[in-house]
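# Overview (structure and organization)
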Amino acid sequence: MPYEPPTHTVERSLRATTGAKIIAGVDEVGRGAWAGPVTVCAAVTGLRRPPEGLTDSKLLTVKRRTALAVELEKWVTSYALGHSSPEEIDELGMTAALRLAAVRALEALPVRPDAVILDGKHDYLGSPWRVRTVIKGDQSCVAVAAASVIAKVQRDKMMAELGVGHADFAFAANAGYPSPVHKAALAERGPTPYHRLTWAYLDALPQWRHLKKVRSWADGSAPEIEGQLGFDF
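Residues numbered from 1 in each chain as written. Predicted model: local features only at pLDDT ≥ 70, side-chain atom pairs only at ≥ 80, totals over all residues. Heavy atoms only, no water.

## Re the overall build of the protein
Counting its secondary structure elements, the protein contains 8 helices and 5 strands. Beginning at the N terminus, the succession of helices and strands in the protein can be written as α-β-β-α-β-α-α-β-β-α-α-α-α. The C-alpha radius of gyration of the protein comes to 18 Å, within 12% of the 17 Å expected for a compact globule of 233 residues. Each principal axis of the C-alpha distribution contributes one length, and for the protein these read about 55 × 45 × 30 Å. Sequence separation of at least 24 residues holds for 64% of the intrachain contacts in the protein that already meet a minimum separation of 6. When the accessible surface of the protein is summed, it comes to about 11,500 Å², and 57% of that surface belongs to carbon and sulfur atoms. Between the mean site of the 28 positive side-chain charges and the mean site of the 26 negative ones, the protein shows a separation of 4 Å. (Helix = DSSP H or I, 4+ residues; strand = E, 2+ residues; numbered from the N terminus. Rg over C-alpha atoms; globule rule 2.2 N^0.38 Å. Contact = heavy atoms within 4.5 Å. Areas by Shrake-Rupley, 256 points an atom, 1.4 Å probe, with all protein chains shown as cover. Lys, Arg positive; Asp, Glu negative; His and termini not counted. Charge placed at Lys NZ, Arg CZ, Asp CG, Glu CD.)

## A few points about the packing of aromatic side chains
Tallying each qualifying case throughout the model produces 2 aromatic pairs. Ring geometry for Trp34 versus Tyr201: centroids 4.9 Å apart, planes at 25°, classification stacked. Of this pair, Trp34 sits in the loop between strand 1 (23-29) and strand 2 (38-44) while Tyr201 sits in the segment after helix 8 (180-189), placing them 167 residues apart in sequence. Judged by relative accessible area, Trp34 falls into the buried class, the value being 0%. With a centroid separation of 5.7 Å and an interplanar angle of 40°, the aromatic rings of Phe169 and Phe171 are classed as tilted. (Phe/Tyr/Trp six-rings, centres within 6.5 Å; stacked < 30°, edge-to-face > 60°. Buried < 20%, exposed > 50% of the residue type's maximum accessible area, 1.4 Å probe, protein only.)

## Re the pattern of salt bridges
Scanning the model with the defined rule gives 9 salt bridges in all. Of the charged contacts in the structure, one is a salt bridge between Asp156 and Arg65, with a shortest N-O distance of 3.9 Å. Of this pair, Asp156 sits in helix 6 (residues 142-162) while Arg65 sits in helix 2 (residues 62-75), placing them 91 residues apart in sequence. Bridged by salt links that share partners, the residues Asp56, Lys58 and Asp138 form one connected network. (Salt bridge = Lys/Arg side-chain N within 4 Å of Asp/Glu carboxyl O.)

## Quick notes on the pairing of strand 1
Buried residues dominate strand 1, accounting for 7 of its 7 residues. In this structure, strand 1 lies alongside strand 4 (residues 115-119), joined through 4 bridges in parallel fashion. When the sheet's bridge partners are listed, Val26 is paired in strand 4 with Leu118. (Pairing = 2+ DSSP bridges.)

## Focus on the sheet that holds strand 4
Pairing in this open sheet of 5 strands is mixed, and the strands run 3-2-1-4-5 from one edge to the other. Two strands in the sheet have a free side with no partner beyond their single neighbour: strand 3 (78-84) and strand 5 (131-134). Looking at each pair of strands side by side, their axes are set apart by 20° on average, direction ignored. Of the strands in this sheet, strand 1, strand 2, strand 3 and strand 4 are in contact with helix 4 (residues 94-108), which crosses strand 3 at around 150°. (Axes fitted to C-alpha atoms, helices over the stretch in contact; angles between N-to-C directions.)

## A few points about helix 1 (residues 9-18)
Within helix 1, the full set of buried residues consists of Val10, Glu11 and Leu14. Buried positions in helix 1, seen along its axis, are confined to an arc of 100° and lie on one side of it. Within helix 1, the exposed residues directed more than 90 degrees away from the buried face are Thr9 and Ala16. In this structure, the buried side of helix 1 is in contact with strand 1, strand 4 and strand 5. Gly19 lies just past helix 1 and shows a positive phi near 80°. (Arc of directions from axis to C-beta.)

## Focus: the nonpolar core
One finds Val26, Val40, Leu106, Leu109, Tyr124, Leu125 and Tyr201 to be the most contacted residues of the largest nonpolar core, which totals 35 residues. No other element matches the 8 residues that helix 4 contributes to this core. Within the second largest apolar cluster, 18 residues are counted, among which are Leu72, Trp75, Ala147 and Val153. (Core = buried A, V, L, I, M, F, W, Y, C linked by side-chain atoms within 4.5 Å.)

What is shown is where atoms sit, not what they do.
So, in structure tokens, the structure goes:
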């Protein structure tokens, strides 16, 4: 399907309206997975013309995405990754875990950015960062698209490595997201040490339901389930 290539429009706007000089594009991957970390990439690209074919990682084939990530890692001015572990996701909830991973990525950059372009409509980063949210920023903004591709390829590689000792779950193929093979392995073997144990998929597994964790919420509110895929997905 044809798509419009990403541009520097948002970055130019931020430079003009805020005086920001160093702007990082930020995108995440792994939010809806049942296993593995949530990973955030922060990428600084400047205003140079990007590599041909850059777009949201989800629109690219595995082969093209992998090759493009290698090119991008050399092309960007700088990039850094941040992760929140399954244990941190279970303890903090996804929104706080995303913020933790994003802060880790941003603070790992060699120079602190003056502003951040964040994919999506929700600012999970917040103060003290100067944030501009952009819906579908991973398609329209060069820096966010670059972060999208690098984050996806790096997390997929990490999940393949984690899956070496758990071959039945096929993490190299599904990256911890629900798939028929993943669901069958869960039903037979139960969750691995890399699974998120507060998540709703365990409700559909009576033999493993006792492993489910419940976060303690000081205000008595229920755990957040937005973005979680049920076992019937």
